[in-house]
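Close look at the chain arrangement
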Amino acid sequence: MRIKNKISNFKILNSKLQKLFFGICIFLIGISANAQCAMCRAALAGDSNTKKAEAVNDGIVYLMVIPYLLVGIIGFLIYRMYQSKKKKAV
């Protein structure tokens, strides 16, 4: 009986840590993501190129998001696969 109680306490602690980690990740994603490489900045410097500079920034952010989405989706699918294996085992 004590072992089952310890296991359930561990699962609750693990769940709380996962929620905390997820919350911190969501908080950090909200940080501004305006970025530009040095060469793009030099090419688009000046007041006349503000629209182009914004377009380049948006393109860089768009290209940066795609790999993160792919990794996130693959991670979620792996997580779901492990969860279904656990349910089948029990």
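Residues numbered from 1 in each chain as written. Predicted model: local features only at pLDDT ≥ 70, side-chain atom pairs only at ≥ 80, totals over all residues. Heavy atoms only, no water.

1. A closer look at the overall build of the protein chain
To keep it simple, the criterion reads: Secondary structure is summarised from DSSP: a helix means a run of H or I of at least four residues, a strand means a run of E of at least two, and numbering begins at the N terminus for each. Relative accessible area decides the class of each residue, using a 1.4 Å probe on protein chains only: under 20% of the type maximum gives buried, over 50% gives exposed, and in between gives partly exposed.
Scanning the protein chain from terminus to terminus reveals three helices and zero strands. Starting at the N terminus and ending at the C terminus, the protein chain contains elements arranged as α-α-α. In the protein chain, which comprises 90 residues, the share counted as buried stands at 6%.

2. Some thoughts on a nonpolar patch on the surface
Quick reminder of the rule: Candidates for patches are residues over 30% relative accessible area with no salt bridge; among them, like charges are joined within 9 Å and nonpolar side chains (Val, Leu, Ile, Met, Phe, Trp, Tyr) within 5 Å. Only the protein chains shown count as cover for residues, with accessible areas throughout obtained via the Shrake-Rupley method and a probe of 1.4 Å. Note on definitions: salt bridges are taken to be side-chain nitrogens of Lys or Arg within 4 Å of carboxyl oxygens of Asp or Glu.
Taken together, Tyr 62, Leu 63, Met 64, Val 65, Ile 66, Tyr 68, Leu 69, Leu 70, Ile 73, Phe 76, Leu 77 and Tyr 79 make up a surface patch of nonpolar side chains, about 1300 Å² in accessible area. Position of Leu 63 relative to the elements: it lies in helix α3 (residues 50–89).

3. Describing the confidence of the model for the protein chain
Close inspection of predicted coordinates is inappropriate in any region flagged by low pLDDT. Let me state the cut-off plainly: A score between 0 and 100, pLDDT records how confident the predictor is in each residue.
Averaged over every residue, the pLDDT of the protein chain is 76; the share at 70 or more is 71%. For the protein chain, helix α1 (residues 2–29) is the element with the lowest average pLDDT, namely 68, and α3 is the one with the highest, namely 87.

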